[in-house]
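The residues making up each chain are set out below.
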Amino acid sequence: MIEVVFYKQNSVYKGFSISGHAGFASKGNDIVCASVTSAVQLTINGICEILKVMADVKVLDNQIVINLSNCNKGEIEKAQAFFKAFYLHLDLLSQDYMGTLNLINLEV
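Description of the structure in this document. It should be emphasised that the depicted structure is a prediction, and the values quoted were computed from it without experimental measurement. (Residues numbered from 1 in each chain as written. Predicted model: local features only at pLDDT ≥ 70, side-chain atom pairs only at ≥ 80, totals over all residues. Heavy atoms only, no water.)

### Some thoughts on the packing of aromatic side chains
Move 1: For the structure on display, the rule yields eight aromatic pairs.
Move 2: Residues Phe-16 and Phe-83 carry aromatic rings whose centres are separated by 6.1 Å and whose planes lie at 85 degrees to one another, so their mutual orientation is edge-to-face. Residue Phe-16 is located in strand 2 (residues 12–20), and its partner Phe-83 is located in helix 2 (residues 73–96); the two are separated by 67 residues in the primary sequence. Each member of the pair, Phe-16 as well as Phe-83, carries the same accessibility label: buried.
Move 3: By relative accessible area, Phe-16 is classed as buried at 0%.
Move 4: Through a chain of ring-to-ring contacts, the aromatic side chains of Phe-6, Tyr-13, Phe-16, Phe-83, Phe-86 and Tyr-87 assemble into a single cluster. (Phe/Tyr/Trp six-rings, centres within 6.5 Å; stacked < 30°, edge-to-face > 60°. Helix = DSSP H or I, 4+ residues; strand = E, 2+ residues; numbered from the N terminus. Buried < 20%, exposed > 50% of the residue type's maximum accessible area, 1.4 Å probe, protein only.)

See below:
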């Protein structure tokens, strides 16, 4: 199962951490993993490359983390649309492919 923890402060997204595997199909054939990976890349590239927000991004062995805690209020506000779209996308995937994604909202 893919686990995504969204970090929020007063209903404002400050980042997320994603890890795990969907387990929907064999490696290289898992459409859920492919969909999630593409959405993660789009979200991080949109925030960092398009909006030019200086987010802290870590790509580890089986985990990706983006953190906006050190960003200014304006940068954080600009990134909200990407976070909301990412959450919506994953929420819809979790409904279509039950048991493959676990979304957690954590107030920090």
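### Some remarks on the environment of Lys-84
Move 1: Its place among the elements puts Lys-84 in helix 2.
Move 2: We classify Lys-84 as exposed; its relative accessible area is 51%.
Move 3: Along the backbone, Lys-84 and Val-65 are 19 residues apart, and their C-alpha atoms lie at a distance of 16 Å.

### Side note on helix 2
In an α-helix there are 3.6 residues to a turn, and that puts residues three or four apart on one side.
Move 1: Along its 24 residues, helix 2 runs 35 Å from first to last C-alpha, staying within 8% of the 34 Å computed at 1.5 Å per residue.
Move 2: A bend of about 35 degrees at Ala-79 is the largest found in helix 2.
Move 3: Looking at helix 2, one finds that the buried residues are Glu-75, Ile-76, Ala-79, Gln-80, Phe-83, Phe-86, Leu-90, Leu-93 and Ser-94.
Move 4: Between the side-chain oxygen of the N-cap and the backbone nitrogen of Gly-74 there are 3.0 Å, and the N-cap of helix 2 in question is Asn-72. (Expected span 1.5 Å × (residues − 1). Bend = angle between axes of the 7 residues up to and from the residue. Polar contact = N/O pair within 3.5 Å; in protein donor to acceptor, adjacent residues only side chain to side chain.)

### Here's the deal with the pattern of salt bridges
Move 1: Scanning the entire structure with this criterion turns up one salt bridge.
Move 2: A salt bridge links Asp-56 to Lys-58, with the shortest nitrogen-to-oxygen separation between them at 3.5 Å.
Move 3: Its relative accessible area of 33% is what places Asp-56 among the partly exposed residues. (Salt bridge = Lys/Arg side-chain N within 4 Å of Asp/Glu carboxyl O.)

### So, the sheet that holds strand 2
Move 1: The sheet built from five strands is open, its strands ordered 3-4-2-1-5 with mixed pairing. Taken across any chain shown, the strands that pair with only one partner, and hence form the sheet edges, are strand 3 (56–59) and strand 5 (101–107). Pairs of neighbouring strands in the sheet enclose a mean axial angle of 10 degrees, with direction left out of account.
Move 2: Alignment of strand 1 (residues 2–9) against strand 5, held across seven bridges, turns out to be parallel. (Pairing = 2+ DSSP bridges. Axes fitted to C-alpha atoms, helices over the stretch in contact; angles between N-to-C directions.)

### Examining the nonpolar core
Move 1: By size, the foremost hydrophobic cluster in this structure holds 29 residues, and its most contacted members are Val-4, Phe-16, Val-36, Leu-68 and Leu-90.
Move 2: Looking at this core, the elements with two or more residues in it are strand 1, strand 2, helix 1 (31–50), helix 2 and strand 5.
Move 3: In terms of residues, this core owes the most to one element, helix 1, which gives eight residues.
Move 4: The contacts of Val-36, once residues within four sequence positions are left out, are Ile-2, Ile-18, Leu-90, Leu-93 and Leu-101. (Core = buried A, V, L, I, M, F, W, Y, C linked by side-chain atoms within 4.5 Å. Contact = heavy atoms within 4.5 Å.)

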